[in-house]
Each structure stands twice: as C-alpha cells, then as structure tokens.
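So the chains spell out like this:
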Amino acid sequence: MLQILVLLFGISLLFMSVTNMLNTLIRILAFQGLMLFAITILSSTQLNWLSFAFIALETLIFKALVIPWFLSDTIRHNAINREVEAYVSNFFSLALMSLIFIGSFALAIFSGQHSDKLFPVEFGIAFAAIIKGLFIIMANKKLITHLIGYLVMENGIFLLSIAVGGELPMVISIGISLDLLLLVLVAVLFIKRIKSGFELTESLDEEGEEC
Amino acid sequence: MLVFALFLYPLFAAFLSLVIQQKRKIDILVILHALLHFGLGAHAFIRRGSLGQMDDLGLFIFLITSLVYLAAAFYRWGEINEGTLRRYRIHSIVLMLFIASMDAACLVKDLGLIWIFVEATTLSSAILITYDNSKASLQAAWKYIFICSVGIALAFVGLLLLVLAQGSHASLHLAKIDISQLSAFWLKLSFIFIMVGFGTKIGLAPLHFWKPDAYNAAAPALCALLSGALMNTALLPILRVDKIMRAAGLGALAQDVYLLMGFISVFVATIYIVKRPNLKRILAYSSIENVGLIMICFGLGGSAIYAGYLHILGHSLIKAALFLLAGNIIRFFGEKAYGKLPGLLQKHKFTGWVWLLGLFMLLGFPPSPLFVSKFLIFGELMGRGMYPQLILLVLLFASLAYAIFKSSFQMFKQDDTAEKERLSHTAFLSPAVLLAIAIILSIWLPVFD
C-alpha cells in the first residue's frame with residue numbers, strides 16, 4: 001500500500017511537467033499533500049504518538065489544504081495570469097523529468113548497496129521530487145511558480161525524511177520546520193502583494209525594479 | 001548557568017519593551033544586551049567552559065559576534081530613526097532574537113539543531129531587512145528568504161543523507177557520529193548538499209544573488225551584523241562537517257570543493273564589483289569575494305587554515321566597520337551611487353579618513369589582518385606550486401583594488417557646495433573602534449588552537 005501511494009506521488013510529478021495552468025499545479029500540490037498524509041499514517045510505527053499526531057495533522061492541514069488555498073487565493077486577488085509561462089516547453093520538461101527519475105532510481109539502486117535500510121522506490125521518488133522542485137524554480141519567472149517549486153521540493157524532502165526516519169525519527173520533526181519558511185513566503189506574497197515576478201539572478205534597484 | 005542569561009535576557013527585554021514608550025529606552029535594552037553578550041563572551045574566553053558546552057570554534061564565532069553586535073548597538077544609538085515606535089519596538093525585539101539564534105547555533109553540537117537555529121536567523125533577519133517597509137526592501141527580503149530557504153532545504157537533504165551514511169544508531173550530534181561506520185558514498189553526497197545549502201546562506205557564488213539586494217536594502221547596523229556575524233554563523237556547520245570529512249579520510253574531496261567554490265566566488269565578485277558603482281553593493285560583493293577567500297584557505301590546508309580563521313576575524317571587523325561608515329555616508333548624501341558622493345571630507349572629515357583606512361584594510365594593505373591572511377594564502381599557493389591559481393588571484397585582487405579605489409576616490413573630490421555635517425559620536429566612533437581592534441590584531445596576531 002505504501003509503495004502504491006509513493007508511486008502515485010511520483011506520477012503526480014510527471015503530471016506537473018505537462019500542465020500549463022497554475023490552478024492545475026496547485027491541485028496537484030493538494031493531491032501530493034494528501035498522499036504524504038496517507039504515507040505518514042502508514043509509516044506511523046517510526047514515531048511516538050504525539051509526534052505522529054502532530055506531523056500527520058500538520059501535513060494534512062498545511063500541505064493539502066492551507067497552502068493550496070493560499071496560493072489559489074493569491075492568484076485570484078493579485079490578478080496573476082493563470083498560465084505557468086515557463087521558459088521551457090512541456091516536452092522538454094517531461095523529457096527532463098523522465099531523466100531525473102532515471103537518475104534518481106539509478107542512484108537509489110546503486111546506493112542500496114551502501115545501505116540496507118534504504119527503500120529504492122521511496123528514495124528515488126523523493127530525490128526526483130527535490131530535483132523537480134529545483135527545476136521548477138529555475139525554469140519559471142513568476143514568484144508563485146517559484147513557491148510551487150519550493151513546495152514540491154519540500155514534499156520530496158518530507159518523503160525522504162520519512163524514508164530515512166527509521167534511523168533517526170527526530171529528522172522528520174526537524175524537517176517540518178521548513179514549512180515555517182514556506183508560510184512566511186506565502187504570507188508575504190499574500191498580504192503584501194509584491195510584484196508577481198522577477199528574476200532571482202538579477203539585481204533590484206532602489207525602487208525594487210530589475211537593473 | 002550563565003548560558004541561560006543569553007537566552008533569558010532577550011525574552012525579558014522583549015516583554016519589557018512592550019511597555020516602554022520611548023525609542024531611546026528601547027535602545028538602552030539593546031545596548032545592555034550587547035554588553036551582556038560581550039561580557040559573557042569575554043568571561044568564557046578567560047574561563048573556558050563557562051558557556052555550557054560551547055567549544056573553541058563556537059566561542060571564536062561567538063566573540064566575533066559580540067564585538068560586531070556591540071559596535072552595531074552603539075551605532076544604532078547614534079542613528080536618527082524616523083519609523084514609528086511600534087515598528088522600532090518590533091525591530092529591536094527581533095534583533096535580539098536574531099542574535100540569540102546565532103548564539104544558539106554557536107552553542108549546540110547537534111547538526112540538526114544548528115540547522116534549526118540557522119533557519120531561525122533567516123526568518124528573523126528577513127523581518128529586519130524589511131524594516132523601512134519600502135517596495136525595494138520587501139522584494140529584497142523576499143528574494144533573500146526564498147533563496148536562503150532553498151539553500152536551507154538542500155542543507156537539510158544533506159543532513160538526511162548524513163543520517164543515511166551512518167546506518168543503524170544514526171545521530172546528528174557531533175560527538176555521537178561513529179566515523180568508522182560512515183558510508184563514504186553517502187557522506188560525499190551529504191557533504192555536497194550541505195556545502196551547497198549552507199554555501200547559499202553564506203553567499204558563495206553562484207548562489208549569492210540574494211546578498212547584494214539584501215545588503216543594499218538593510219539598515220547599516222543590520223548590514224554589519226549580516227556580514228560580520230551571520231556569515232560566520234552560517235559557516236559554522238560547514239566547518240563542523242569539514243571535521244567529519246577529514247576524520248573519515250575524505251578531506252581531499254572537501255578541499256577540492258572549497259577551492260572550486262572559493263575561486264568561483266572571488267572571480268564572480270570581482271566582475272560585479274567592476275560593474276556596480278554603488279557603495280553598499282560593492283561592500284556586499286566584497287563579502288562574496290572574502291568568503292570565497294576563506295574557502296580557498298580551507299581548501300589549501302596547511303598554514304592557510306590559520307589564514308582562514310584570521311580572515312574570518314579580520315573580515316568581520318573591517319566589513320562591519322565599513323557598513324556602519326557607509327550608513328553615515330548615505331545619511332550625508334541621501335545617495336548610494338559613487339558618482340553622487342563628492343566632498344566627503346568637507347562633510348565629515350573623520351568619517352572620510354576612517355572610510356579610506358577601512359578600504360585599504362579591506363583590500364589587504366597593512367596594517368590589516370587581511371594582509372597577513374592574503375600573504376599566507378600566496379605563500380601556500382607558491383609552496384604547492386599552484387602558480388596558475390596564484391597568478392589568477394593576483395590579477396583578480398589587482399582588478400578589485402583598481403575598481404574599488406576608482407569608485408571611492410570620487411568621494412574625495414572637492415565639492416565647494418558641500419556643508420559640514422554633524423554626527424553623533426557613537427555613529428563614527430563605533431566603526432573606528434572596530435578598525436582599531438583589527439589593527440591591533442594584525443600586529444599581535446591571535447593564536448588559534
């Protein structure tokens with residue numbers, strides 16, 4: 001069952017590569033949040049009940065409900081164009097995602113020789129999600145898409161921490177604090193309504209414009 | 001016991017500042033915090049072990065933070081602040097919490113906890129950057145927090161891989177990591193992620209993009225702390241993991257990575273310094289250059305390790321002083337572009353001369369600790385026969401010195417319309433004291449165990 005959920009999470013990453021609409025991306029994020037919630041419940045044996053309850057609830061409320069809602073509302077209120085407007089085509093994105101999967105699974109299978117505690121499917125998909133998140137950040141100009149990329153990356157990290165958590169359950173709780181950063185980023189975008197997009201690599205002038 | 005004071009005081013001051021109705025009194029709370037910080041640091045220096053489990057490396061970073069914070073706190077006293085009381089109150093509370101987060105990162109030995117405290121410094125410093133609530137500062141803070149969040153997330157992946165590297169009985173506590181059980185493959189991968197992650201936070205190229213904007217938008221005292229204290233705190237986990245790498249026999253790989261990232265940083269910073277004639281941005285790019293040099297020191301090893309620690313110390317003091325002085329200059333002129341700042345000596349002679357001295361020291365001219373560290377770097381490069389790297393570094397230093405002096409000398413042009421400006425004593429003496437300490441340390445060189 002756990003493996004099926006992880007595979008569904010992996011398929012959602014492929015879906016992200018072929019969609020052009022921000023709202024679809026946000027729905028996929030909510031779906032990923034639900035998958036992670038279910039995965040947390042099935043992995044509950046690694047955690048004590050208090051940590052388990054906190055992490056499961058946080059995952060459900062935060063990743064599956066609150067953040068997707070915030071992002072949808074920001075798009076509505078800031079009148080952001082609903083298209084993703086990526087620098088690369090869907091075909092390129094999908095091809096790259098496939099390569100990321102191949103690379104991640106190769107790493108997971110190869111590295112399985114170094115750690116008998118590692119589950120290649122979890123590790124491969126988690127690692128692929130982290131790389132995919134980075135790719136979304138680099139391949140898009142909109143701040144909202146950067147945030148979506150960060151969230152995908154964070155979902156991958158959460159999955160990885162669940163996979164690794166058998167060795168040291170504390171890391172799952174530590175990793176949850178990444179959501180705090182995300183919350184601040186979303187809150188600034190939501191409340192302050194800053195410009196919808198700028199290059200992360202370009203300097204800003206005294207008025208906040210790229211120079 | 002003393003260690004509790006470090007964390008209880010900010011909480012106590014935060015509650016107290018909620019009922020205080022004057023900015024001056026809030027400033028006093030911050031100064032008292034800085035004095036307490038410095039006092040505890042000095043006490044721990046004399047009586048090792050008085051600050052809990054803080055080791056020598058942690059204490060080294062803590063003491064640098066103490067000096068920079070003290071100067072920044074007194075500098076704030078001399079600043080004219082036009083923000084509302086409520087905003088100033090929040091700013092002061094967050095400032096103390098920001099310092100407490102850095103202290104905690106110096107204190108703990110668990111990489112997971114260090115990671116959490118470094119994350120806390122990102123959150124608190126982002127709030128401090130947005131103090132003036134302008135569009136530019138908000139966007140700079142967003143960029144800062146976003147890029148650093150990505151870096152911090154990658155560093156966390158590195159920690160997860162470090163757990164994986166240990167197999168059963170894994171721990172992130174430095175004393176509990178069993179080096180003999182580490183898988184070399186996972187440790188290498190973990191190190192790369194930790195290096196890239198925390199490297200983003202210290203502003204190593206090519207992950208430095210947040211730095212010029214954040215420094216440009218931040219207030220002078222905060223710039224001093226970001227450059228003189230936070231950068232070192234973010235370097236701390238890298239230095240901690242470096243020890244694991246060396247103990248596991250993977251020091252050579254770590255050194256290669258340091259050298260690569262170090263040279264890229266120095267190169268990129270030089271290019272941008274030549275391109276950007278803006279007071280604060282030049283200092284920001286210079287921080288990228290200097291952190292690159294620090295990485296080169298640790299990459300070279302041998303006597304350059306000493307140079308690395310000396311460079312951390314010297315750069316923190318000098319750069320913090322220059323950021324504070326830059327705050328004075330911007331206050332005189334209301335501008336940051338070099339071309340619009342003529343007649344500095346007519347406006348405020350002391351600030352002008354100290355600024356010039358600081359620039360000389362930053363570029364590594366004696367009497368500066370950076371002169372000694374750069375001398376040792378050159379010596380190590382020559383000793384290892386790394387002549388192409390040596391020539392590259394000399395060329396980059398020459399270009400950098402040319403660009404900085406070319407821009408800075410415009411400030412010393414005569415301007416008949418310039419009028420003399422008045423400054424609070426703490427606003428120009430605080431940076432001068434930092435430079436004086438740096439000069440003393442270049443003559444009586446510190447010994448690092």
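In the block above lies the structure referred to throughout.
These numbers were taken from a predicted model, which means no experiment stands behind them.

> Explain the overall build of chain A to me, and be specific about the residues and the numbers.
Broken down by element type, chain A carries 8 helices and 0 strands. Counting all 211 residues of chain A, 53% fall into the buried class. Counted over contacts in chain A with a minimum sequence separation of 6, partners at least 24 positions apart contribute 72%. Entry remark: accessible area of chain A is about 8700 Å², with carbon and sulfur atoms responsible for 71%.

> A description of the overall build of chain B should follow, citing residues and the corresponding values.
When helices and strands are tallied, chain B shows 17 helices and 0 strands. Here the C-alpha radius of gyration of chain B, 21 Å, is about what a compact globule of 449 residues would show, namely 22 Å. Dimensions of chain B, computed from the C-alpha atoms along their principal axes, are close to 70 × 55 × 40 Å. Across the 449 residues that make up chain B, the buried fraction comes to 65%. The contacts of chain B with a sequence gap of at least 6 include a subset with a gap of at least 24, amounting to 79%. Approximately 15700 Å² of chain B is accessible, and the part contributed by carbon and sulfur atoms is 68%. Across chain B, the 35 positively charged side chains and the 21 negatively charged ones have centroids separated by 4 Å.

> Before we move on, could you go through the environment of Ser177(A) and cite the residues and values that matter?
Secondary-structure assignment places Ser177(A) in the loop between helix 7 (170-176) and helix 8 (178-192). You can call Ser177(A) buried: its relative accessible area is 17%. When residues no more than four places from it in sequence are discounted, the contact partners of Ser177(A) are Trp115(B) and Glu119(B).

> Explain the environment of Gly78(B) to me, and be specific about the residues and the numbers.
Tracing the backbone shows Gly78(B) in helix 3 (residues 56-78). Taking the C-alpha atoms as reference points, Gly78(B) and Phe428(B), separated by 350 residues in sequence, lie 8.7 Å from one another.

> Can you lay out a nonpolar patch on the surface for me, pointing to particular residues and giving the numbers?
All names here are of chain B. A cluster of nonpolar side chains, namely Met 1, Phe 4, Leu 8, Leu 11, Phe 12, Phe 15, Leu 16, Leu 18, Val 19 and Leu 97, defines an oily patch on the protein surface of about 1100 Å² accessible area. Per-element tally for the nonpolar patch: the top contributor is helix 1 (residues 2-19), with 8 residues. Mapped onto the secondary structure, Leu 16 falls in helix 1.

> An account of the nonpolar core is needed here, citing residue identities and associated values.
The tendency in soluble globular proteins is for nonpolar side chains to be buried side by side. Residue and element names in this part refer to chain B. By size, the foremost hydrophobic cluster in this structure holds 224 residues, and its most contacted members are Phe 98 and Trp 355. Setting aside chain neighbours within four positions, we find Phe 98 in contact with Thr 121, Ser 124, Ser 125, Leu 128, Leu 222, Leu 225, Leu 226 and Leu 230. Counting residues in hydrophobic clusters, the runner-up holds 16 residues, among them Leu 293, Ala 304, Leu 381 and Leu 390.

> So what's going on with the state of the cysteines? Residues and values would help.
All names here are of chain B. Going through the model one piece at a time under the given rule, you end up with 0 disulfides over all chains. Here Cys 106 is not cross-linked by a disulfide; its sulfur's nearest cysteine counterpart is in Cys 148, at 17 Å. A disulfide-free cysteine, Cys 297 has its sulfur positioned 20 Å from the sulfur of Cys 106, the nearest such atom.

> Would you mind going over unusual backbone geometry in detail, with residue names and values included?
With an omega of 5 degrees, the peptide bond between Ala205(B) and Pro206(B) qualifies as cis. On the secondary structure map, Pro206(B) appears in the loop between helix 7 (184-202) and helix 8 (210-217).

> Can you tell me about helix 4 (residues 85-107) of chain B, naming the residues and giving the values?
Side chains of residues three or four places apart in an α-helix project in the same direction, reflecting 3.6 residues per turn. Helix length check: helix 4 of chain B, at 23 residues, gives a terminal C-alpha distance of 33 Å against a target of 33 Å (1.5 Å per residue), a fit within 8%. Counting buried positions over the 23 residues of helix 4 of chain B gives 18, a clear majority of the element.

> Now, about the packing of helix 15 (residues 369-383) of chain B against helix 16 (residues 387-408) of chain B: what can you tell me, with residues and values included?
Residue and element names in this part refer to chain B. The N-to-C vectors of helix 15 and helix 16 enclose an angle of 155 degrees; their axes lie 8 Å apart at closest approach. One element, helix 15, and the other, helix 16, form an angle in the roughly antiparallel class. Between helix 15 and helix 16 the crossing geometry is left-handed. For the pair helix 15 and helix 16, the contacting residues are Lys 374, Ile 377, Phe 378, Leu 381 and Met 382 in the first and Tyr 387, Gln 389, Leu 390, Leu 393, Val 394 and Phe 397 in the second. Its residues assigned to classes, the contact of helix 15 with helix 16 shows 9 nonpolar, 1 polar and 1 charged.

> Give a description of the packing of helix 1 of chain B against helix 2 (residues 23-46) of chain B that names residues and reports values.
All names here are of chain B. Remark: helix 1 packs on helix 2, axes separated minimally by 10 Å, with the N-to-C direction vectors making an angle of 180 degrees. The orientation of helix 1 with respect to helix 2, classified from their angle, is roughly antiparallel. Touching Leu 2, Ala 5, Leu 6, Tyr 9, Pro 10, Ala 13, Leu 16 and Ser 17 of helix 1 are Ile 26, Leu 29, Leu 32, His 33, Leu 36, His 37, Leu 40 and His 43, all from helix 2. When grouped by side-chain class, the residues that make up the contact of helix 1 with helix 2 number 12 nonpolar, 4 polar and no charged.

> Report on helix 1 (residues 2-18) of chain A, specifying residues and quantitative values.
Residue and element names in this part refer to chain A. For helix 1, with 17 residues, the first-to-last C-alpha span of 26 Å sits near the 24 Å given by 1.5 Å per residue. Within the sequence span of helix 1, burial applies to Leu 5, Val 6, Phe 9, Gly 10, Ser 12, Leu 13, Met 16 and Ser 17. End-on, the buried residues of helix 1 take up no more than an arc of 155 degrees, which puts them together on one face. Residues of helix 1 that are exposed and point over 90 degrees away from its buried face: Ile 4 and Phe 15.

What counts and how
Here the residue index of a chain counts from 1 through its sequence in written order. Working convention: letters from A go to chains and numbers from 1 go to ligands, in the order in which they are written. Predicted model: local features are reported for residues with pLDDT of at least 70 only, side-chain atom pairs are reported and counted for 80 or more only, and whole-chain, interface and lining totals are derived from all residues. Side-chain metrics rest on all non-hydrogen atoms present in the structure, leaving aside hydrogens and water. Each helix is a run of DSSP H or I of at least 4 residues and each strand a run of E of at least 2, with the numbering of both proceeding from the N terminus. The rule is simple: take the accessible area with a 1.4 Å probe, protein chains only, and divide by the maximum for that residue type; under 20% is buried, over 50% is exposed, in between is partly exposed. Note on definitions: a residue-residue contact is assigned when non-hydrogen atoms from the two residues lie within 4.5 Å. Note that accessible areas follow from Shrake-Rupley with a 1.4 Å probe, and for residues the cover is restricted to the protein chains shown. The globule rule is 2.2 Å times the number of residues to the power 0.38, and the radius of gyration it is compared with is taken over C-alpha atoms. Charge assignment in this entry is limited to Lys and Arg as positive and Asp and Glu as negative, and neither His nor the chain termini are counted. Here the site of a charge means NZ on Lys, CZ on Arg, CG on Asp, or CD on Glu. Here a patch means residues that are over 30% exposed by relative accessible area and free of salt bridges, tied together within 9 Å if like-charged and within 5 Å if nonpolar (Val, Leu, Ile, Met, Phe, Trp, Tyr). Throughout this description, the term salt bridge denotes a Lys or Arg side-chain nitrogen within 4 Å of a carboxyl oxygen of Asp or Glu. By nonpolar core is meant a set of buried Ala, Val, Leu, Ile, Met, Phe, Trp, Tyr and Cys residues that side-chain atoms within 4.5 Å join together. In what follows, a disulfide is any cysteine sulfur pair within 2.5 Å. Expected span of a helix: the number of residues minus one, times 1.5 Å. Axes here refer to lines fitted to C-alpha atoms; in helices the fit is confined to the stretch in contact. Angles between the N-to-C directions go from 0 to 180 degrees. In these notes the angle categories are as follows: under 35 degrees is roughly parallel, over 145 is roughly antiparallel, 65 to 115 is roughly perpendicular, and the rest is oblique. Left-handed describes a crossing whose near helix is turned anticlockwise from the far helix through less than a right angle; right-handed describes the clockwise counterpart. The residue classification treats Ala, Val, Leu, Ile, Met, Phe, Trp, Tyr, Cys and Pro as nonpolar and Asp, Glu, Lys and Arg as charged. All others, Gly included, are polar. Arc definition: it is the arc formed by the directions from the helix axis to the C-beta atoms.

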